[in-house]
Amino acid sequence: WGEDALGVHRYDAAINHEFNFDLTGGGLAYLFSDRLGLRAERRYAFTHDADGILERIRREDQWQANVVLPFLSLNRVAALAAGVSGLEESDAHREPGTAARADSLDTIGALGFTYDNTRSPALAVSRAYGRDVRFVAETSDAFPSDYTGRIYSLDWREFIGLPARHVVALRAAAGWGTEDPRPFELGGWGEELADSFLFNRRIYPLRGYPSGMNELTGPRFALASMEWRFPVSEVNHAFLRFPFGLHR
């Protein structure tokens, strides 16, 4: 990752590899002046049955281009966004006895609103104060797509700071799809990865449940969570001269 001295051009790249099934993924992103964003990513979705047994792995190639109109102040960032996003899915692996699933393409046009006044004090374990709100309206009917209908989603996060760097993190999210949209999925973890795309988001982490469960997949969803986050120990120690250490 990197950026120029004024922060006008920002870019990052990442690559990852899953050795059990020999799957390589990653992503590229570019942001111009906080107003024009381009992002492409390849990732893999693991689908399990009700007993948590792996059934299939779906390859997901997603891209997004969006324009942002920010409204800035000292303590908060609000923005309107418009863009297009596409996601192509195909089977990368199937367990014996699992039926093949057809390839699919979902291309959407979208409008969104974001508001963020969260703060992360020094040595905080996460964002500790404020709220982060996202509202998005999308349609699969504007471009060639294997899905139809409109999708509305709201994601509201609230952070309450407590003494000794403890944080209470609250979250309420909901999604509503009409006709035949690409379904929402609850389960798994990886908040940062799920948040990398403003549009065409259908995966919402839910700790304690595996990803890809049929019981947690559908055209509508509601999610609420409350987390108590706190530091266990501040180690901040490196091991001899090697570039490895333990922070927190």
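Higher on the page you've got the structure.
A few points on the structure. Note that the coordinates shown come from a computational prediction; the quantities given were computed from them, not determined experimentally. (Residues numbered from 1 in each chain as written. Predicted model: local features only at pLDDT ≥ 70, side-chain atom pairs only at ≥ 80, totals over all residues. Heavy atoms only, no water.)

## Focus: the sheet that holds strand β4 (residues 36-48)
Pairing in this open sheet of eleven strands is antiparallel, and the strands run β1-β2-β3-β4-β5-β6-β7-β8-β9-β10-β14 from one edge to the other. Edge positions in the open sheet fall to β1 (2-3) and β14 (220-229), since each of these has one partner strand only. (Pairing = 2+ DSSP bridges. Helix = DSSP H or I, 4+ residues; strand = E, 2+ residues; numbered from the N terminus.)

## Quick notes on the pattern of salt bridges
In the structure shown here, the tally under the stated rule is 21 salt bridges. In this structure, the salt-bridge partner of Arg-171 is Asp-155, at a minimum N-O distance of 2.7 Å. With Arg-171 in strand β10 (residues 167-177) and Asp-155 in strand β9 (residues 150-161), the pair connects residues that are 16 residues apart, well separated along the chain. Judged by its relative accessible area of 3%, Asp-155 is buried. Via salt bridges that share partners, Arg-56, Arg-58, Glu-89, Asp-91 and Arg-94 belong to a single interconnected network. (Salt bridge = Lys/Arg side-chain N within 4 Å of Asp/Glu carboxyl O. Buried < 20%, exposed > 50% of the residue type's maximum accessible area, 1.4 Å probe, protein only.)

## Description of the side chain of Gln-64
Structurally, the position occupied by Gln-64 is in strand β5 (residues 54-72). On the accessibility criterion, Gln-64 (6% relative accessible area) is buried. Looking at Gln-64, its side chain comes within polar contact range of the side chain of Asn-66, at 3.1 Å. Apart from residues no more than four positions distant in its own chain, Gln-64 is found in contact with Gly-37, Leu-38, Arg-39, Val-84, Ser-85, Phe-197, Leu-198 and Phe-199. (Polar contact = N/O pair within 3.5 Å; in protein donor to acceptor, adjacent residues only side chain to side chain. Contact = heavy atoms within 4.5 Å.)

## Quick word on the pairing of β4
Side chains on a regular strand alternate between the two faces of the sheet. Sheet analysis places strand β3 (residues 23-32) next to β4, joined by seven bridges and oriented antiparallel. Each bridged residue has a counterpart across the sheet, and for Gly-27 the counterpart in β4 is Glu-41. Adjacent in sequence and paired antiparallel, β3 and β4 are bridged by three residues, among which Ser-33 carries a positive phi angle near 55°. Relative to β5, β4 runs antiparallel, the two sharing 13 bridges. Looking at the pairing, Arg-39 lines up with Gln-64 of β5.

## Some thoughts on the sheet that holds strand β11 (residues 184-186)
Sheet architecture is open: three strands sit in the order β12-β11-β13, paired in mixed fashion. For this open sheet the edge positions go to β12 (203-204) and β13 (217-218), each flanked by a neighbour on one side alone. Pairing analysis gives two bridges linking β11 to β13, with the strands arranged antiparallel. From the neighbouring strand, Glu-185 faces β13, where its bridge partner is Thr-217.

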